[in-house]
Amino acid sequence: MTPRSPRADSARNREALLTAGAEALRRDIDAPLEDIAAAAGLSRRAVYGHFPSREALVDAVIARGAERIAAAVGPLNEEPPLEALARLGARLWDAVVDVHAVARMALTSGRTSTVAYAMNPIRRRLRALLSQAAEGGLVRTDIPVTTLAALVERAAIDVLEVADASEPGCSRRLAMTHPLCAAGVGAVEAARIADLVDQTEAAA
């Protein structure tokens, strides 16, 4: 049997550290480096061959997670903008439901440069959908769309703050309705829109 190359071993160990890091941070956002290394089957010293510090490892975990979140956006369907906003919230929730503590840390920490690139496609779509909704008088228009988009994004992060792991269905629905309410949509209408999204997903 041909032995693995040192480069292949290095790539495998790095991937193991990222996977172990995501899992450890999911359980304990302050998980020590020793625990992450042990979960990956490596020594603390071996970690430094891939990452110069725990913070660097956390940055890499967050960057990979941000890419996963961005990939969850999927293609834009031909549907009304408010339904598209609710669907975006649902897709993002589905992408982070198992790691929402890490996602919250990524979005609210000072790691702006780490997540900005991966999050840009989501933010562009959010602004585009809000612009379309504003043109139709479906959301509040007393503030600029860029400001409104920031408030809606903040509302989505708030859902991560209050998410209840024991009731994932309720949290997923909140990920659809709360950002809509932040955009100026009434609670009853937001619930109706979430129902429509649920119905189309069930029928797909």
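Residues numbered from 1 in each chain as written. Predicted model: local features only at pLDDT ≥ 70, side-chain atom pairs only at ≥ 80, totals over all residues. Heavy atoms only, no water.

Trainee: Give me empty space enclosed by the protein: which residues, what numbers.
Mentor: It is a probe the size of a water molecule, rolled over the atoms, that shows where empty space is left. For the structure shown, the criterion picks out two cavities of 30 Å³ or more. One number sums up the size of the largest cavity: a volume of about 410 Å³. Forming the walls of the largest cavity are 25 residues, and the residues nearest its centre are G89, L92, E153, A156 and I157. Elements represented by at least two residues in the lining of the largest cavity include exactly α5 (81-96), α6 (100-108), α7 (112-135), α8 (145-162) and α9 (168-182). For the lining of the largest cavity, the element with the most residues is α5, which contributes seven residues. Partitioning the lining of the largest cavity into residue classes produces 22 nonpolar, one polar and two charged. (1 Å grid on protein atoms, 1.4 Å probe; cavity = no way out; pocket = protein on both sides within 12 Å on 5 of 7 lines; lining within 4 Å. Points joined across faces, edges and corners; volume = space filled by probe spheres on them. Helix = DSSP H or I, 4+ residues; strand = E, 2+ residues; numbered from the N terminus. Nonpolar A, V, L, I, M, F, W, Y, C, P; charged D, E, K, R; others polar.)

Trainee: Now, about the side chain of E83: what can you tell me, with residues and values included?
Mentor: Assignment of secondary structure puts E83 in helix α5. Although E83 lies buried, it forms no salt bridge, and the closest oppositely charged side chain, R87, sits 5.0 Å away as judged by the N-O distance. Once you skip the residues sitting within four places of it in the chain, E83 turns out to touch I193, L196 and V197. (Buried < 20%, exposed > 50% of the residue type's maximum accessible area, 1.4 Å probe, protein only. Lys, Arg positive; Asp, Glu negative; His and termini not counted. Salt bridge = Lys/Arg side-chain N within 4 Å of Asp/Glu carboxyl O. Contact = heavy atoms within 4.5 Å.)

Trainee: Could you give me a rundown of the nonpolar core, with the residues and numbers involved?
Mentor: Of all hydrophobic cores here, the largest spans 22 residues; its most connected members are L82, L85, L130, V139, L180 and V185. Residue assignment for this core shows that the elements contributing at least two residues are α5, α7, α8, α9 and α10 (187-203). When residues no more than four places from it in sequence are discounted, the contact partners of L85 are L126, L129, L130 and L180. By size, the runner-up hydrophobic cluster in this structure holds 19 residues, among which are L18, A20, V47 and I62. (Core = buried A, V, L, I, M, F, W, Y, C linked by side-chain atoms within 4.5 Å.)

Trainee: So what's going on with the pattern of salt bridges? Residues and values would help.
Mentor: Inspection of the entire model under this criterion finds 13 salt bridges. E79 is the salt-bridge partner of R87, the closest N and O atoms lying 3.0 Å from each other. You can call R87 buried: its relative accessible area is 9%. Using a relative accessible area of 17% as the deciding quantity, one classes E79 as buried. For D158, the salt bridge is made with R154, and the minimal N-O distance between the two is 3.0 Å. Of this pair, D158 and R154 both sit in helix α8, four residues apart, roughly one helical turn.

Trainee: For the environment of D35, give the residues involved together with the corresponding values.
Mentor: Examined against the element boundaries, D35 turns out to sit in helix α2 (residues 33-39). Separated by 15 residues in the primary sequence, D35 and A20 place their C-alpha atoms 8.8 Å from one another.

Trainee: Describe in detail the packing of α5 against α10, supporting the description with residues and values.
Mentor: The contact between α5 and α10 brings their axes to 9 Å, and the two run at 70°. Put simply, α5 runs roughly perpendicular to α10. Note on packing geometry: the crossing formed by α5 with α10 is right-handed. Listed contacts from α10 to L82, E83, A86, R87 and A90 of α5 are I193, L196, V197, T200 and E201. Partitioning the contact of α5 with α10 into residue classes produces six nonpolar, one polar and three charged. (Axes fitted to C-alpha atoms, helices over the stretch in contact; angles between N-to-C directions. Parallel < 35°, antiparallel > 145°, perpendicular 65-115°, else oblique. Left-handed = near helix turned anticlockwise from the far one by under 90°.)

Trainee: Would you mind going over the confidence of the model for the chain in detail, with residue names and values included?
Mentor: For the chain, the average pLDDT comes to 83, and 82% of its residues sit at 70 or higher. Across the chain, α10 holds the top mean pLDDT of 93, while α6 sits lowest at 61. (pLDDT = per-residue confidence, 0-100.)

Trainee: Please set out α10 residue by residue, giving values where relevant.
Mentor: For the α-helix, the turn length of 3.6 residues means that residues three or four positions removed from each other point alike. An ideal rise of 1.5 Å per residue puts 24 Å on 17 residues; α10 measures up with 24 Å between its terminal C-alpha atoms. Every buried residue of α10 is accounted for by A190, I193, A194 and V197. Seen end-on, α10 carries its buried residues on one side only, within an arc spanning 100°. Residues V188, Q199, A202 and A203 are exposed on α10 and point more than 90 degrees away from its buried face. (Expected span 1.5 Å × (residues − 1). Arc of directions from axis to C-beta.)

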